[in-house]
Amino acid sequence: MNAGQTFRFAVSGVTANKLRSALTTLGIMIGVAAVIILVAVGTGSSQAIQDSISRLGSNTLTVSSSQGGTGGRGGGGGFGFARPRAAAGAASGAVSSGTQTRTAKLTLDDAYALTDQTLAPDVQSVAPVVSVQSAVATYEGAKHTIGTFIGTSPSYLSNDNDSVQAGRAFTDDEYSSGRRVALLGPTVAKDLFGGDGLSAVDQDVQFNGVTYTVVGVLTAKGSTGPQDSDDRVIAALPGVQATLSGYGNLSSISVKATSASTVADATSEVQGILNGRHHVTTATADYSVFSSSSILSAVTSSNQTFTVLLASVAAISLLVGGIGVMNIMLVTVTERTREIGIRKAIGASRGTIVSQFLLEAILLSLFGGLMGVAVGLLGSRFTIVGVTPVVAPYSVALAFGVAVTVGLFFGLYPANRAAALRPIDALRYE
């Protein structure tokens, strides 16, 4: 019997009981589709987080105080940001600890020290940051509770990869003179002014009752999970200190390295300067330095583990589908015992019998795999639990390949069992 005849017999065997074959392929289809969709969800989630972190810039560092802090005042000025005249002569934030004096929290003096190109040649720009809690914006009866309100210097926009879609950024002169100027995120602008929110430019808005002039509207950054990255306001730090946050310590310091390749050197330089100013060591530091690249690496590793876990759970469906193929093929062998006996009696070889039943099992898995790929690709076009799935080509090839392999593996035993039947016993079978 040639290969063509063997294939026709296999197709005839599969289509002899259409409902049973359909239910068998259904198990394989569900397994393949589940693998593709769940891997797509994991990949999409990872991609969304990576995109969000990448917006910060691969060469951006954030220095945060381990002891907290809200606001900021101190000396400073020059490279990266100018000296605010309103802050001249302010306290440095130092406290006495035993026989030595050390800086307890981050101050403007710390930020200014990081702009020293001799001590920190790999630092491109520095931006001090203060945060205002529970800020509420009002404009002609419209009211909006702001998700994130910060006071900072003009260099923060570059550090944070921000841009302005309408209006302009506030200037060094506005910063140093303590002007009350602000940039609105798209969500804040739209909520207060309606439409696209761009009419907010050059308008006066009250933040907790204090009037600020809107000089620009920020470009949209989108959302990360439940957090709206566009629900924010960026204002000039001296004006924020004078009216909203008070003259305390900085919430953080944004530092931009000269390039992605100098992030490690810039981190060492920042730590060296702050260790000297705070009279601490790296082991006892009262601050921490984070880089978006290190966060990205950690998140990527975590998401890869999550994706593998999802794929492993989905693969169980493929295993169950394979067992279903084996079960149906065993039933088929039992039902066709006399047929097997007749074929062997008229000269069919063991290899021919094995090929036919093995091919039937593979055909069932092949049909199920193809339908599973179609369902998986279709299902990945919809947003799932707030995540936009991203189909990974390897998952499609892997799921389909495993489906065919499952048919081969689980069909081998029933095929061998059919081929092992003695013709005389098969012919006597009722």
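Residues numbered from 1 in each chain as written. Predicted model: local features only at pLDDT ≥ 70, side-chain atom pairs only at ≥ 80, totals over all residues. Heavy atoms only, no water.

Secondary-structure assignment places S176 in helix α5 (residues 172-176). Separated by 3.2 Å, the side chain of S176 and the backbone oxygen of D173 make a polar contact. (Helix = DSSP H or I, 4+ residues; strand = E, 2+ residues; numbered from the N terminus. Polar contact = N/O pair within 3.5 Å; in protein donor to acceptor, adjacent residues only side chain to side chain.)

What follows is about the pairing of strand β14 (residues 232-236). β14 sits mainly inside the fold: five of its five residues count as buried. Pairing analysis gives five bridges linking strand β7 (residues 148-152) to β14, with the strands arranged parallel. What sits directly across from G151, in β14, is A235. As judged from the three bridges shared by strand β9 (residues 181-184) and β14, these two strands associate in the antiparallel manner. In the sheet register, L183 faces β14, and the bridge partner there is I234. (Buried < 20%, exposed > 50% of the residue type's maximum accessible area, 1.4 Å probe, protein only. Pairing = 2+ DSSP bridges.)

Right, let's talk about the environment of S312 for a bit. One can find S312 in helix α9 (residues 292-335). With 274 residues separating them in the primary sequence, S312 and L38 have C-alpha atoms 9.6 Å apart.

We now examine the packing of helix α10 (residues 337-345) against helix α11 (residues 350-379). In contact at an axis separation of 10 Å, α10 and α11 are set at 145 degrees when each is read in the N-to-C sense. Crossing geometry of α10 relative to α11 is assigned as right-handed. Contact residues: E339, I340, R343 and K344 in α10; T352, I353, Q356 and F357 in α11. Residue composition of the contact of α10 with α11, grouped by class: three nonpolar, two polar and three charged. (Axes fitted to C-alpha atoms, helices over the stretch in contact; angles between N-to-C directions. Left-handed = near helix turned anticlockwise from the far one by under 90°. Contact = heavy atoms within 4.5 Å. Nonpolar A, V, L, I, M, F, W, Y, C, P; charged D, E, K, R; others polar.)

Below, the discussion takes up the packing of α11 against helix α12 (residues 393-419). How two helices pack is summed up by the angle between their axes together with the distance between the axes. For the pair α11 and α12, the least separation of the axes is 7 Å and the interaxial angle reads 155 degrees. Between α11 and α12, the angle is such that the two are roughly antiparallel. Note on packing geometry: the crossing formed by α11 with α12 is right-handed. Of the residues that constitute the contact of α11 with α12, the class distribution is 20 nonpolar, five polar and one charged. (Parallel < 35°, antiparallel > 145°, perpendicular 65-115°, else oblique.)

Moving on, we come to the packing of aromatic side chains. Counting across every chain of the model gives four aromatic pairs. Both rings, one in F149 and one in F207, keep their centres 5.1 Å apart while their planes meet at 75 degrees; by these two values the pair is edge-to-face. Note that F149 is positioned in strand β7 and F207 in strand β10 (residues 204-207), a separation of 58 residues in sequence. When the centroid spacing of 5.4 Å and the interplanar angle of 65 degrees are considered together, the rings of F207 and Y212 count as edge-to-face. As far as burial versus exposure is concerned, F207 and Y212 are alike and both buried. (Phe/Tyr/Trp six-rings, centres within 6.5 Å; stacked < 30°, edge-to-face > 60°.)

Attention shifts here to the confidence of the model for the chain. Averaged over all residues, the pLDDT of the chain equals 81, while 83% of them reach at least 70. Note that pLDDT drops below 50 for residues 68-80; the model gives that stretch 57 contacts with residues more than four away or on any other chain. (pLDDT = per-residue confidence, 0-100.)

Applying the stated criterion to the full structure yields six salt bridges. Measuring nitrogen to oxygen at the nearest pair gives 3.1 Å for the salt bridge that ties D160 to K221. Placement of the pair is D160 in the loop between α4 (155-159) and β8 (164-167) and K221 in the loop between β11 (210-218) and β12 (223-224), with a sequence separation of 61 residues. Residues D162 and K221 are paired through a salt bridge, measuring 3.2 Å at the closest nitrogen-oxygen approach. With D162 in the loop between α4 and β8 and K221 in the loop between β11 and β12, the pair connects residues that are 59 residues apart, well separated along the chain. On the basis of relative accessibility, which here comes to 11%, the residue D162 falls in the buried class. By relative accessible area, which is 13% here, K221 ends up buried. When salt bridges that share partners are traced, they join D160, D162, K221 and R232 into one network. (Salt bridge = Lys/Arg side-chain N within 4 Å of Asp/Glu carboxyl O.)

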